Amino acid sequence: MASGGSHVVICEADLELLREPHTVVEVDRVQPPDSDPELIEMARLAILRGAEHVLGPRGQGATIKVRRLVINPIDFKPDRFMAFTAEELERHSSHVPPL
């Protein structure tokens, strides 16, 4: 049972790092399929902001193709998608040499 402060972010994506500071996020599949388009766009923009937060200062960008995005309209928090994206990029970038 999750408490009021807990959040689950489900987002599966493919990432291609770029040498220029330009990031694009595309969403292919959303669950449930009838999710509110406004929430989908809010999640997409939050993922973009999270990526730019990490990659922008490095002069890098990325193409991010979200293969699966789960939207829960009850406890949807776009900032969680931003934080998750930034944390994952930070975590994985320590294993990737700079471009």
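Residues numbered from 1 in each chain as written. Predicted model: local features only at pLDDT ≥ 70, side-chain atom pairs only at ≥ 80, totals over all residues. Heavy atoms only, no water.

Asker: Can you break down the overall build of the chain residue by residue, with the values?
Answerer: Assigned secondary structure in the chain consists of two helices and four strands. Counting helices and strands in the order they occur from the N terminus, the chain gives β-β-β-α-β-α. Counting the 99 residues in the chain, one finds 32% classified as buried. Looking at the chain alone, contacts between residues at least 24 apart form 90% of all its contacts between residues at least 6 apart. Here the chain has roughly 6,400 Å² of accessible surface; of this, 55% comes from carbon and sulfur atoms. (Helix = DSSP H or I, 4+ residues; strand = E, 2+ residues; numbered from the N terminus. Buried < 20%, exposed > 50% of the residue type's maximum accessible area, 1.4 Å probe, protein only. Contact = heavy atoms within 4.5 Å. Areas by Shrake-Rupley, 256 points an atom, 1.4 Å probe, with all protein chains shown as cover.)

Asker: Residues and numbers for unusual backbone geometry, please.
Answerer: Of note, the amide linkage connecting Gln-31 to Pro-32 takes the cis form, showing an omega dihedral of -10°. Relative to the helices and strands, Pro-32 is located in the loop between strand 3 (30-31) and helix 1 (37-55).

Asker: Talk me through the packing of aromatic side chains; I want residue IDs and the actual numbers.
Answerer: The final tally for this structure, using the stated rule, is one aromatic pair. On the numbers, 5.8 Å between centres and 40° between planes, the contact of Phe-76 with Phe-81 is tilted. Both residues of the pair, Phe-76 and Phe-81, belong to the buried class. (Phe/Tyr/Trp six-rings, centres within 6.5 Å; stacked < 30°, edge-to-face > 60°.)

Asker: Which residues make up the nonpolar core, and what are the values?
Answerer: If you look at soluble globular proteins, the nonpolar side chains tend to sit buried side by side. Ranked by internal contacts, the top residues of the largest apolar core, which has 22 residues, are Cys-11, Ile-47, Ile-64, Val-66, Leu-69, Ile-71 and Phe-81. Those elements that place two or more of their residues in this core are helix 1, strand 4 (61-70) and helix 2 (78-93). The biggest single contributor to this core is helix 1, with nine residues. If near-sequence neighbours (up to four positions away) are discounted, Ile-64 is found in contact with Ala-13, Asp-14, Leu-15, Thr-23, Val-24, Val-25, Glu-26, Ile-47 and Ala-51. (Core = buried A, V, L, I, M, F, W, Y, C linked by side-chain atoms within 4.5 Å.)

Asker: Describe the environment of Arg-67, and please don't skip the residues or the numbers.
Answerer: In this fold, Arg-67 is placed in strand 4. Overall, Arg-67 belongs to the partly exposed group, its relative accessible area being 40%. Note: C-alpha distance between Arg-67 and Val-27 (40 residues apart in sequence) is 6.6 Å. Polar contacts involving the side chain of Arg-67 include one to the side chain of Asp-14, which spans 3.2 Å. (Polar contact = N/O pair within 3.5 Å; in protein donor to acceptor, adjacent residues only side chain to side chain.)

Asker: Outline the pattern of salt bridges, listing residues and values.
Answerer: The full count for this structure, using the stated rule, is seven salt bridges. Across the pair Arg-67 and Glu-12 runs a salt bridge, and its minimum N-O distance is 4.0 Å. Of the two residues, Arg-67 is situated in strand 4 and Glu-12 in strand 1 (residues 11-18); the sequence distance between them amounts to 55 residues. Here Glu-12 falls in the partly exposed class, since its relative accessible area comes to 33%. Residue Asp-79 pairs with Arg-49 through a salt bridge whose shortest N-O separation is 3.8 Å. (Salt bridge = Lys/Arg side-chain N within 4 Å of Asp/Glu carboxyl O.)

Asker: Please set out the side chain of Ser-35 residue by residue, giving values where relevant.
Answerer: Assignment of secondary structure puts Ser-35 in the loop between strand 3 and helix 1. Contacts of Ser-35, omitting those with residues within four sequence positions, involve Val-30, Ile-40 and Ile-71.

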